[in-house]
Amino acid sequence: MKKALIICAAGMSSSMMAKKTTDYFKNKNMDIEVDAITATEGEDAIRNSDFDLFLVSPQTTMYLEGFEKIGDEVGKPVVSIPFNSYIPIPTGIEGMANLVEENIG
Amino acid sequence: MKSEDIQVVAFEIILHSGNARTMVHKAFAAMKEKNFKLSTENLKLSNDELLLAHKSQTNLLQEYAEGSHIDMEIILVHAQDHLMTTMTLREMAIEMQTLYEEVQNIEKRNQTKAKKTTG
C-alpha cells in the first residue's frame, strides 16, 4: 500500500480532505491511503515517517520551500496542493486524488 | 444550508486566510531587508485576500439573517480561527513595520553623526 500525507496549518481541514480522498481511492479499489498532520510536525514527518508522498496545503505555502528542501535531502517527493484541489467537493477530491496518483511513484 | 455547502464556505475562508498569512510572512521578510515598498505591497495583497475570506463569511451571515438555519460545524469554528489569527498577525505586522522604519531612521541619523565627527 502507498501512503500520502497532507500537511496543513492545524491538521483539521487536511484531515477532512485526507478522509475524503482515501474514500475516493477505496471506491476505485486503489491501494492508496491519505493521512494528515499539522505543519509543526511536518519536518519530523518528512524526515522520519514511512509516507511515500507529502502534500503541502495551500494555506501553508510559507513553509513549502523548507519542506521541499527536507524532501530533497531524504529523497521523498514534496508537492504543493493547488487551490482548486483543496476543497471538499467532488471536483476538489478528484483533483487531490489525481495529484496523489501523479506524484506517488 | 447543507453540510457540504458549509464545508465549502469554511474551506474558502481557510484558503483565503492562508494566502493572506503567506503574504504577511513575505512582508515580514521584506521588512528585515528594509524593503518597505515591498512589505507595504504584501500587506496590501494580504488585505485583499482577507476581504475575500470576509466575503465568503458574509454570504453565510446573510443566509443566517434571512432566517436559514446554519449548523455550527467544527470546521467553521476552525475557519474563523484561521481568519481572526491572520487578521491579528497582519495588524502586528503593520505595527512592526513602523518600528522597522523607525530603526532605519535612527541608523541613518547615527551614520550622519558619525560622518560629521570623523569628517
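Here goes a summary of the coordinates provided.

The rules behind each value
- Residues numbered from 1 in each chain as written.
- Chains lettered and ligands numbered in written order.
- Predicted model: local features only at pLDDT ≥ 70, side-chain atom pairs only at ≥ 80, totals over all residues.
- Heavy atoms only, no water.
- Contact = heavy atoms within 4.5 Å.
- Buried area = accessible area lost by both parts, 1.4 Å probe.
- Salt bridge = Lys/Arg side-chain N within 4 Å of Asp/Glu carboxyl O.
- Polar contact = N/O pair within 3.5 Å; in protein donor to acceptor, adjacent residues only side chain to side chain.
- Helix = DSSP H or I, 4+ residues; strand = E, 2+ residues; numbered from the N terminus.
- Nonpolar A, V, L, I, M, F, W, Y, C, P; charged D, E, K, R; others polar.
- Core = buried A, V, L, I, M, F, W, Y, C linked by side-chain atoms within 4.5 Å.
- Buried < 20%, exposed > 50% of the residue type's maximum accessible area, 1.4 Å probe, protein only.

**Overview of the interface of chain A and chain B**
And step 1. Contacts between the two partners involve 17 residues from chain A, matched on the other side by 17 residues from chain B.
And step 2. Summing both sides of the interface, chain A and chain B together bury roughly 1,500 Å²; the carbon and sulfur share of this comes to 79%.
And step 3. A per-residue breakdown of the area chain A buries against chain B is headed by Met12(A), Met62(A) and Phe83(A), which together make up 34% of the total.
And step 4. Taken together, the links from chain A to chain B amount to zero salt bridges.
And step 5. On inspection of chain A and its partner chain B, the count reaches one residue pair in polar contact (both at pLDDT 80 or more).
And step 6. For the side of chain A that touches chain B, the leading source of residues is helix α1 (residues 13-27) of chain A, giving four residues.
And step 7. When the residues that make up the side of chain A that touches chain B are grouped by side-chain class, the tally is 13 nonpolar, three polar and one charged.

**Concerning the nonpolar core**
And step 1. Ile6(A), Leu55(A), Tyr86(A) and Val100(A) are the most contacted members of the largest nonpolar core, which has 40 residues in total.
And step 2. Of all elements in the fold, only β1 (2-8), α1, β2 (32-38), β3 (53-56) and α4 (90-103) of chain A together with α1 (3-32), α2 (36-65) and α3 (74-118) of chain B reach the threshold of two or more residues within this core.
And step 3. Take this core: its biggest share by element is nine residues, from α1(B).
And step 4. Apart from residues lying up to four places away in sequence, Leu55(A) is in contact with Ala4(A), Leu5(A), Ile6(A), Ile7(A), Val79(A), Ile81(A), Leu99(A) and Val100(A).
And step 5. Core analysis: the next-biggest nonpolar cluster, separate from the first, contains 13 residues, Leu5(A), Ala45(A), Val56(A) and Phe67(A) among them.

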